[in-house]
Structures are given as C-alpha cells and as structure tokens.
Amino acid sequence: MAISVASCSKSGKISYPQAPTDQTVDNYFGHEVADPYRPLENDTAAATLAWVEAENKVTQDYLSKIPFRNSVRKRIEQLNNYPKIGMPAKEYDGKYYFYKNDGLQNQAVLYRSDTPDGEAEVFLDPNSLSDDGTVALTGVFQSHDGKYTAYTISRSGSDWTEIYVMDTESKQLLDDHIEWAKFTGAAWRGDGFYYSAYNKPEDGKEFSNANEYHKVYFHKLGTPQSEDVVVYENKNEPLHFHSVDITSDESTLIVMGGGAGNGNSLYVKDLKTPGADWVTIEESQDNEISVIDSRNGKLYIYTSADAPMNRIVTADIKAPQRSNWKDLIPENKEAVLVGAQFAGDKLILTYDKDASHHAYVYNVDGTPVREITLPTFGTLRFSTDPKSSEAFYSFSSFTYPSSIYRYDVNSGESNLFRTTELQGFNPDDYVTEQVFYPSADGTKIPMFLTYKKGLERNGSNPVYLYGYGGFNITLNPSFSANRLLWLENGGIYAQTNLRGGGEYGEAWHLAGTKQQKLNVFNDFIAAAEYMINEGWTNPDLIAIEGGSNGGLLVGAVTNMRPDLFKVAIPRVGVMDMMRYHLFTIGWNWAHDYGTSADSPEMAEYLLAYSPVHTIKNDGTPYPAIMVTTADHDDRVVPAHSFKYAATLQAADTGDQPKLIRIDSKAGHGAGKPIAKVIDEYADIYSFIFHNMGLTPVEK
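Residues numbered from 1 in each chain as written. Predicted model: local features only at pLDDT ≥ 70, side-chain atom pairs only at ≥ 80, totals over all residues. Heavy atoms only, no water.

S.K.: What am I meant to see in helix α2 (residues 69–80) here?
M.R.: For the α-helix, the turn length of 3.6 residues means that residues three or four positions removed from each other point alike. When the terminal C-alpha atoms of α2 are compared, their 17 Å separation across twelve residues agrees well with the 16 Å that a helix rising 1.5 Å per residue should span. Buried within α2 are the following residues: Arg69, Val72, Arg75, Ile76, Leu79 and Asn80. The buried side chains of α2 occupy one side of the element, clustering within an arc of 135° when seen end-on. (Helix = DSSP H or I, 4+ residues; strand = E, 2+ residues; numbered from the N terminus. Expected span 1.5 Å × (residues − 1). Buried < 20%, exposed > 50% of the residue type's maximum accessible area, 1.4 Å probe, protein only. Arc of directions from axis to C-beta.)

S.K.: How should unusual backbone geometry be read in this particular structure?
M.R.: Among all residues save glycine, negative phi is the norm, and among peptide bonds the norm is trans. If you check the backbone angles, Glu250 has positive phi at about 60° while not being a glycine. As for its placement among the helices and strands, Glu250 is situated in the loop between β18 (241–246) and β19 (252–258). Of the residues examined, Glu250 reaches a relative accessible area of 18% and is grouped as buried.

S.K.: Is there a simple way to think about the sheet that holds strand β33 (residues 414–418) in this case?
M.R.: Hydrogen bonds between backbone groups are what pair the strands of a sheet, and the pairing can be parallel or antiparallel. Overall, antiparallel pairing links the four strands, which are arranged β30-β31-β32-β33 in an open sheet. Whereas interior strands pair on both sides, the edge strands pair on one side only; in this sheet they are β30 (379–384) and β33. Neighbour-to-neighbour, the strand axes of this sheet turn through a mean angle of 30°, independent of strand direction. When β30 meets strand β31 (residues 390–397), the two strands line up antiparallel, connected through six bridges. Residue pairing across strands places Arg381 opposite Ser394, the latter belonging to β31. (Pairing = 2+ DSSP bridges. Axes fitted to C-alpha atoms, helices over the stretch in contact; angles between N-to-C directions.)

S.K.: Honestly, the sheet that holds strand β20 (residues 265–270) in this entry has me stumped. Any pointers?
M.R.: With respect to topology, four strands assemble into an open sheet ordered β18-β19-β20-β21, the strand pairing being antiparallel. Either end of the sheet is taken by a strand with one partner, and the two such strands are β18 and β21 (279–282). Taken pair by pair, the neighbouring strands of this sheet meet at an average axis angle of 25°, ignoring direction. As paired strands, β19 and β20 are joined by six bridges and run antiparallel to one another. Residue pairing in the sheet places Met256 in a bridge with Leu266 of β20.

S.K.: What should I look at first to understand the packing of helix α5 (residues 518–533) against helix α6 (residues 549–560) in this one?
M.R.: Any two packed helices are characterised by the angle at which their axes cross and by the distance between the axes. Closest axis-to-axis distance for the α5/α6 pair is 10 Å, and the angle between their directions is 70°. Relative to α6, α5 is oriented roughly perpendicular. Of the residues in α6, those touching α5 at Leu518, Val520, Phe521, Asn522, Phe524 and Ile525 are Leu553, Ala556, Val557 and Met560. Its residues assigned to classes, the contact of α5 with α6 comprises nine nonpolar, one polar and no charged. (Parallel < 35°, antiparallel > 145°, perpendicular 65-115°, else oblique. Contact = heavy atoms within 4.5 Å. Nonpolar A, V, L, I, M, F, W, Y, C, P; charged D, E, K, R; others polar.)

S.K.: When you look at the environment of Gly258 in this model, what are you seeing that I'm missing?
M.R.: Note that Gly258 resides in strand β19. The buried category is assigned to Gly258, whose relative accessible area is 6%. Setting aside chain neighbours within four positions, we find Gly258 in contact with Leu239, His240, Phe241, Gly263, Gln285 and Asn588.

S.K.: Is there a simple way to think about the side chain of Arg75 in this case?
M.R.: Following the sequence through the fold, Arg75 ends up in helix α2. Beyond its immediate chain neighbours, meaning those up to four positions away, Arg75 contacts Gly424, Leu485, Glu488 and Lys699.

S.K.: It is not clear to me how the environment of Leu79 should be interpreted in this structure. Could you clarify?
M.R.: Topologically, Leu79 is positioned in helix α2. A residue is classified by how much of its surface remains accessible, and Leu79, at 3% relative accessible area, is buried. C-alpha separation for the pair Leu79 and Ser265, spaced 186 residues apart in sequence, amounts to 44 Å. Excluding residues that lie within four positions of it along the chain, Leu79 makes contacts with Leu422, Ala481, Leu484, Leu485 and Glu488.

S.K.: Hey, could you run me through the pairing of strand β11 (residues 148–155) in this one?
M.R.: In regular strands, side chains alternate between the two faces of the sheet. Counting buried positions along β11 gives six out of eight residues, so the element sits mostly inside the fold. By the bridge criterion, seven bridges tie strand β10 (residues 135–142) to β11 in an arrangement that is antiparallel. By the bridge assignment for β11, Val140 is matched with Tyr151. The antiparallel hairpin formed by β10 and β11 contains five residues in its connecting segment, where Gly146 sits at a positive phi of about 80°.

S.K.: Please clarify how the pairing of strand β32 (residues 400–408) should be interpreted in this entry.
M.R.: In the sheet, β31 pairs with β32 via seven bridges, with the strands oriented antiparallel. Across the sheet, residue Ala391 finds its bridge partner in β32, namely Tyr407. Count of turn residues in the β31/β32 antiparallel hairpin: two residues. Across four bridges, the pairing between β32 and β33 is antiparallel. In the strand pairing of β33, Arg406 is matched with Asn415. Between β32 and β33, which pair antiparallel in sequence order, lie five residues; one of them, Gly412, sits at a positive phi of approximately 85°.

S.K.: Quick question: what am I supposed to make of the packing of aromatic side chains here?
M.R.: A ring pair, where both rings are aromatic, is described by two values, the distance of the centres and the angle of the planes. Evaluated as defined, the whole model comprises 41 aromatic pairs. Between the aromatic rings of Phe382 and Tyr393, the centroid separation amounts to 5.5 Å while the plane-to-plane angle is 45°, which identifies the pairing as tilted. Placement of Phe382 in strand β30 and of Tyr393 in strand β31 is noted, with a sequence separation of eleven residues between them. Each of the two residues, Phe382 as well as Tyr393, counts as buried. (Phe/Tyr/Trp six-rings, centres within 6.5 Å; stacked < 30°, edge-to-face > 60°.)

S.K.: Sorry, what's going on with the packing of α2 against helix α3 (residues 481–488) here?
M.R.: Close contact between α2 and α3 brings their axes to 8 Å; oriented N to C, the two are set at 125°. Judged by the inter-axis angle, α2 sits oblique to α3. Taken as a pair, α2 and α3 cross one another with a handedness that is right-handed. Contacts between α2 and α3 involve Val72, Arg75, Ile76, Leu79 and Asn80 from the first element and Ala481, Asn482, Leu484, Leu485 and Glu488 from the second. Within the contact of α2 with α3, the residues separate by chemical class into six nonpolar, two polar and two charged. (Left-handed = near helix turned anticlockwise from the far one by under 90°.)

S.K.: What is the right way to read the pattern of salt bridges from this model?
M.R.: In this structure the tally under the stated criterion is 35 salt bridges. The partner of Lys333 in a salt bridge is Glu331, and the shortest N-O contact between them spans 2.8 Å. We note a salt bridge from Lys346 to Asp345, for which the minimum N-O separation is 3.4 Å. With relative accessibility at 44%, the residue Asp345 sits in the partly exposed group. Connected through salt bridges with shared partners, the residues Asp26, Asp35, Arg38, Glu41, Asp576, Arg579 and Lys643 form a single ionic network. (Salt bridge = Lys/Arg side-chain N within 4 Å of Asp/Glu carboxyl O.)

Next up, the structure:
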C-alpha cells in the first residue's frame, strides 16, 4: 500500500508522511478532546504499516546525510567490543554459573564451571536461538535438587515469556514448553514449577490489547501446558497481576499481587501442611512487602509498611500476619533500604544514600557487623548462597565498568575477583561529582555530573541531560560504553534524580505522582537552568533524553520549555496520558499517574501535560526531536510515539527536524541485541552532534 507525503514544515525543509486520521472525539466529564490520529493505535493495519515504512524512510534519508554517522557507529562498536563477564552464582547442583559476552555477541552466553574461577563450559547460548539475536534469555531457574533447569525467553523484545526446561547435567532439552506467560520466572517444587500467565490473546492483538486475569499455575514435568493447574487467581480483579515465589526449603508458597497501588499484596501458603489455606499477610497494595526467605519456621520479610525508608521484620510461618511482625532491622531515617539477602548465617543489606549504594553486613539477629567499603559513587549487585559465607558483588559507576569482588561475610575479607578494562579508555581521565540544585519550589534535587578532568565552565560545553522520575525507581551511577563517545568528545553527562523516584523513600516517590507530577517536570527544567546558570553550558548545547516514563518526561518538558533545549530524544515514551491505561499493562501505571476516568480534576491535570495534547502550534521554535520506538513494544505500545510524532510533524513548531525512528523486531529495550543497540545509539548521537553543529573526533 502506498502512502502520500505531505509537507508539514513551514520551511518545507522536510516533507513528512501524511498519517491516517479520522474524526474521533472523546468526552472526558463534559470536556471534548479530539484524537485525530486514533487509526495509528491499530499497529497491524495496512495504513499504519505504510505510514511506519514511510516515516522510517524519511528518518533514514535524514540520518544518511550526516557525514560522520558511519564513524560514530564504528566508534560505538569499538567501545562496546570488550569482554563482559558477570558474577558467578552457585546453583543447587553445586556448580557456578555466570554470563559472558566476548564483546559484540548479540546476547550474553551462560557458562558453568566447577569452581568460581575454574575452566568453564557453555551451558546455554541464546545466540543459537535465533539468526539475528532477537531471542533473549531472560531468566534461569534451577530445581532445588539441581536436576532440572527452567529458562525463560523473550522474542523480539516482547514482554511475552516462554518457558523451556533442560536436564541440568546433560543439557538435553525436555518436551515441556509454556507459552503466553508474562512477568514470571519458574518457582520449583519437586518435579514441577509455578509460573504466572494470561490466557492466549486474540490473534493480531498480541501486542496491544489490555492484559487481564493474570493467574498462577503449577506445571508438572512431562505434561502438556493444557493440564497445568491454576493454584491462585483473583476473579474479582482482572487488572491485578500475580508473581509467584517459593522459599528455598519449599516450605512456603508466596504470591505477590500488584497493579492497584504503590506496593503489593502478599499471600502465603504452608506447603508442609496438606490442605492448608492461603494466608493473607497484606491485602492492600499500599506498601512493598516481600519474603526474603524462611529459616527455622520463621519468615524474614522486607517491607515499607510503617517504614517509608523500608525495614526488615520477622514472623512465624504459621502466624505471619502483620499484627505478629517483630522488627529485626528497623528503618534507617538517613538511607533507603533497597535490598536484603542471606549469605550463610549473615544478612547483606544494600542501602541508597543520595542515589548511591552502600552495603552492610548484619547478623541474623539484626545486630550490625560492618560496612563494605566502596571506591566511589556507584551501583552494587550481590550474588550470595544462603548456605555459604562466600559471596560475590559487582561494583560499577559512570566511568567504571563492572568489577567483581569475592567477599567472605564472616571475616570481611574482600578481594578483586575480576575486572574489566576497555582498550583506549582511561577512567582516571574523567571525574564524577554530585551537586544539589533547587527546583521551582525550593526542593534540593541531586544530580551527578561526569566529564573530562580540566573541563572549563565557559558556557560552551555540550550537555546530555538524562532523567526518569517515577515509579519509585532510583537512578544510581551506572556504566554505559555508549556514553563514553559523548564524554571523550568533551561532553558532560548529567544524570538527575527527580522526584517520583525512590532516591529518598516513599515520600520522595509520592511527591512526583498523580497531581504532583508537575514537580518532576519542574525538577528536570531546573536541572537545565542550573547547568546554564553555573556556567557549564547554554541552551544551544543541551540535549535531553529519557525512556518510557522518561520519554514522557522529555515530551512534557519540551512542550513546557522548548527554548531551553537544542535536541530532545523521547524514547519509547508514554505520550498519550488520556488513553495509556487502555493498552497491555498500562493500567498498572495508574497508581503513579492517575487516569482520565478517575475524576474531572484528574482528567484536566493529565490533559494539561499530556505530550500528544500540549504540542504548541503557533510557530514557537522547538528543538530538533527524534522519537524512538519499536514494533514489538508491548510495555509502552508504539501508538504513543506514533500519535506524538504525527501531531508534532503536523504542528507549526519551526524548522528543526521532527523525526521518528521505529525499530523492527524490537521491544521496550530489555534483551535488545547489541547490534541493534549500537545502531540505535549511533543514530541518536549522530542526530545530537549534527543538530548542535558539532563534529565528533574520529578515532
């Protein structure tokens, strides 16, 4: 099907495809809102597919004319071409498993060895599961006797999950195969496992229709999926979803419910008592509650209940209700508890303090032992064995790729086990500092700045400003090889910790939700203003980027302050705030956003910042914008970006390019092949440099 092309730029510099339209008008409590690009919500319609093809042609034609695009891609590929080795994890068969990517493999390969540093063999190579690397290994779950290993995969970046089973020793694939699972692992009990899934969706609507009635099943090895037994469901709440887990001794089955609050409900069943009923620990979803593990008839529980900064409590397995909880490690008012796990007879706790990780060892009676010393701001991940004092942890920061340490929780001895070096990159050439700047209401917002040592505050430094600000998610210091291209060309990477995240506990989170969402946008705008006022840069050298909820952020602040930014990259963003809750799992975001069906006030609030609905159309100059999305994104459906881009291209916003880059056989981001990642970031950085009038140094 051919599609017409109409010029939507006042200058005529770029002619954009004419998107399919209709006369749809929605009524929100008496307020009529036009939705002319409603046909783009049908992502499988011929008209939509033709528009996507035409848009990609316009975008690729534009990008192909950037003279340094190929050299940028080559440099990003060079920066990514280094061995990436994960932490070893001791599994139930007594062997150690770890992931390794030799450099440019599309997917990391899972290896195993008899000892942490012994000779390793390939256990599972996801690159062999597809020709183009678009099948990703998303989880591996070994039975408690070590005989079997279930693994989960995703195809083309979708959230839909398939489960396969292997004989652990021989690596022989069994006949067991689970489809239409989602947001699940495999929780083993005896000769089977529990998992969570939906009913098979309607043909042609697999990646767009709302998901309803998430159920927990038990699958017995050697039987077809059609015989799997539903062990938990909530027929009264079609929009709740349920994750399942089991304690390491297989004594307690655990189901967590989500989708209706800022936390989760929690239900447990005593598997050692035949015919035992489900016991409700928490019915509401107002708090985070999860079981760390069980020991000697006692549950160890991590929770935010009565503790906005989180705490650890214990409860008897036979009476785990909240009224019977006993404080083990009380809330720390100065830092947010974000992780807890057993390592032998000790607990390792991870805290967030000013958006950076700190780790401590505790005895199981709750008494502190020591802090684990770290080199600088950074992010921690632990690999522990509940039966061993040996642990491993990885540490990374903005200019430090992951280093792995071997740690003895009894002695406190920490030794570098494995480090990563990038050829041609010296982390000592760069510096990271943390600053605190005032937002519109005076609230101090933390921000990390990373740049070359000796950089001058002369108002002419390019800045890449990144933020998220939602869903209680904390942006910790993290390493990205792609980002090094920006830094080595004299750019500043600024990562700001906006309200709506989890940096300072639940109060910080709530301050950026629902009718407080404007705080998030003001925090981000204030970050750009700070960089200008402090002499780092100017509006012609600021690029902003964010993904998912961060894509919403970029879309919203661009409409609010188009004068403040030179380039905007909204990636896989939530752009239609009036209808987001009607697609796939969008309803699960209502606790952060509210919905247009809640009340007249909520509908008006959403409409006032919804990126699709607040694009100016009066000649106001906008930054250069490149929207990114993907055809298999069933988290934030591509219709959001489609409608936003179509509206943007049709509006009178000046002469700067307004492009959309639509990836194929890709989703929201997780599991994306490295080749696609390199292509995407080559295009993003080329677009930014080109529209700032800069030419990166060729290496």
